[in-house]
Amino acid sequence: MITVIGSINMDIAIQTEIFPKQGETVLGNLFTTIPGGKGANQAVAAARLGSQVQMVGAVGQDAFGKELHGNLINENVHVEGIAKTNSSTGIANILLNDNDNRIIVVPGANFDVDRSLIDQNMDLIKKSSLVMLQLEIPVDTIEYVLGLCEKLSIPILLNPAPAANYKPEWIEKVTYLTPNETECEVIFGADYETVLKQYPNKIIVTLGGDGAAYYDGAHIVKVPGFKTKAVDTTGAGDTFNGAFAHAITEGKSIEESVQFANIAASLSVEKFGAQGGMPSIEKVNERLEGMK
Ligand code: RIB
Ligand code: NA
């Protein structure tokens, strides 16, 4: 069982040709509300591939909360660990144009994911073969979960996004850390190759359309991505993480898991919305076969 302890958001996406400048009003093209949140996205990505996934998180008692809860059930994610609190459901305001996206997240109920919610779900967490974390819930909770998993010897995949919430001392506690290139730079203040060499088989840096890289103890292994036409890159990193978790818990090697995750991410960007293009196992295998 993969356990995702993380955020659940409604993504409020606006497509526009121009972003407004200070004090300016512009007309956009399209407005949609679609399920998102890094935690929920990663849970859905792994579940679509066939993993057993449970989520520990929180939504509000509002319309968005209801919809997001229902969405996770539809996606075969176990929702027993999701609390309904008095805060408003988390949202992400996403501005998209052809070559850029800008996101403001308002955490709301995601900040109710506290130590007591973790304690309430201890029996669920103990069943995990991997715990997945991102940084859209309180830092205190992350710290608590890291200590807990260390005690229980449960492997941890930490996706350090948004990077500003990351604490350097966590590196010793995690099994895998998956920053993108920018996050890697923010966290370690060095170029990614230098960083990778310090943490063999632990840090996997995602490189957008170029794939991902890690250090195997002797060489930097660059696993190329699959070049495709991106419609919407929102959630590509989440798809990578969910797919990597699926592959690694199935016993695949790091290299195979990274390749598998690259392919899943390439399929995800071909459709609109964070969870829109997240593939089934058949779709990933088809593309993998085509590459041989
Ligand atoms: O990683 C993409 C996600 O980040 C979006 O779905 C949005 O909700 C933000 O949390
Ligand atoms: Na997508």
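What counts and what doesn't
- Residues numbered from 1 in each chain as written.
- Chains lettered and ligands numbered in written order.
- Predicted model: local features only at pLDDT ≥ 70, side-chain atom pairs only at ≥ 80, totals over all residues.
- Heavy atoms only, no water.
- UniProt positions renumbered as here; feature names shortened; annotations may be inferred.
- Helix = DSSP H or I, 4+ residues; strand = E, 2+ residues; numbered from the N terminus.
- Salt bridge = Lys/Arg side-chain N within 4 Å of Asp/Glu carboxyl O.
- Expected span 1.5 Å × (residues − 1).
- Contact = heavy atoms within 4.5 Å.
- Phe/Tyr/Trp six-rings, centres within 6.5 Å; stacked < 30°, edge-to-face > 60°.
- Buried < 20%, exposed > 50% of the residue type's maximum accessible area, 1.4 Å probe, protein only.

Going by an unreviewed UniProt entry, the protein chain carries the name Ribokinase and comes from Ureibacillus sinduriensis BLB-1 = JCM 15800. The UniProt entry for the protein chain carries the following text under Pathway (unreviewed entry): "Carbohydrate metabolism; D-ribose degradation; D-ribose 5-phosphate from beta-D-ribopyranose: step 2/2." Under the heading Subunit (unreviewed entry), UniProt records this for the protein chain: "Homodimer."

*Asks:* What is the right way to look at the UniProt feature "domain: Carbohydrate kinase PfkB" (unreviewed entry) in the protein chain in this model?
*Replies:* Those places that UniProt annotates as "domain: Carbohydrate kinase PfkB" (unreviewed entry) correspond, in this numbering, to residues 2-279. Taken end to end, residues 2-279 has its terminal C-alpha atoms 18 Å apart, with 33% of it in helix and 25% in strand.

*Asks:* In this structure, what is going on with the pattern of salt bridges? I would like to understand it.
*Replies:* A pair can form between side chains of opposite charge whenever their charged atoms are brought close. Under the definition given, this model contains 8 salt bridges. With its nearest N and O atoms 2.7 Å apart, the salt bridge here joins glutamate 75 to arginine 48. A residue pair is termed long-range when its members are at least 10 positions apart, and glutamate 75 in the loop between helix 2 (63-74) and strand 5 (77-85) and arginine 48 in helix 1 (residues 38-48) qualify at 27 residues. Residue lysine 222 is joined to glutamate 193 by a salt bridge in which the shortest nitrogen-to-oxygen separation is 3.0 Å. Of the two residues, lysine 222 sits in strand 13 (residues 220-223) while glutamate 193 sits in helix 7 (residues 192-198), which places them 29 residues apart along the sequence.

*Asks:* Explanation requested: helix 2 in the structure shown.
*Replies:* In an α-helix there are 3.6 residues to a turn, and that puts residues three or four apart on one side. Taking 1.5 Å of rise per residue, 12 residues should cover 16 Å, and helix 2 covers 17 Å from first to last C-alpha, within 8% of that figure. Considering only its buried residues, helix 2 is in contact with strand 2 (9-15), strand 3 (30-36), helix 1, strand 4 (53-60) and strand 5. Following helix 2 by one or two positions, asparagine 76 adopts a phi angle in the positive range, close to 65 degrees.

*Asks:* Can you help me understand the UniProt feature "active site" (unreviewed entry) in the protein chain in this one?
*Replies:* Sites flagged by UniProt as "active site" (unreviewed entry) map to Asp238. With respect to the helices and strands, the residue aspartate 238 is situated in helix 8 (residues 236-249). When residues no more than four places from it in sequence are discounted, the contact partners of aspartate 238 are Lys38, Asn41, Gln42, Ala45 and Asn159.

*Asks:* What's the story with the packing of aromatic side chains in this structure? I'm lost.
*Replies:* When we look at a pair of aromatic rings, we describe it by the centre distance and by the angle of the planes. For the structure on display, the rule yields 4 aromatic pairs. Taken together, a centroid distance of 6.0 Å and an interplanar angle of 45 degrees make the contact between phenylalanine 188 and tyrosine 199 tilted. With phenylalanine 188 in helix 6 (residues 181-188) and tyrosine 199 in the loop between helix 7 and strand 11 (205-206), this residue pair connects regions lying 11 residues apart in the sequence. Looking at phenylalanine 188, the relative accessible area reads 24%, which means it is partly exposed. On the numbers, 6.4 Å between centres and 5 degrees between planes, the contact of phenylalanine 240 with phenylalanine 244 is stacked. In this pair, phenylalanine 240 and phenylalanine 244 are both assigned in helix 8, 4 residues apart and thus about one turn of the helix distant.

*Asks:* Quick question: what am I supposed to make of the environment of methionine 1 here?
*Replies:* Note on placement: methionine 1 falls in the segment before strand 1 (2-5). Residue class for methionine 1 comes out partly exposed when judged on its relative accessible area of 28%. Through-space distance from the C-alpha of methionine 1 to that of leucine 135 is 21 Å; in sequence the pair is 134 residues apart.

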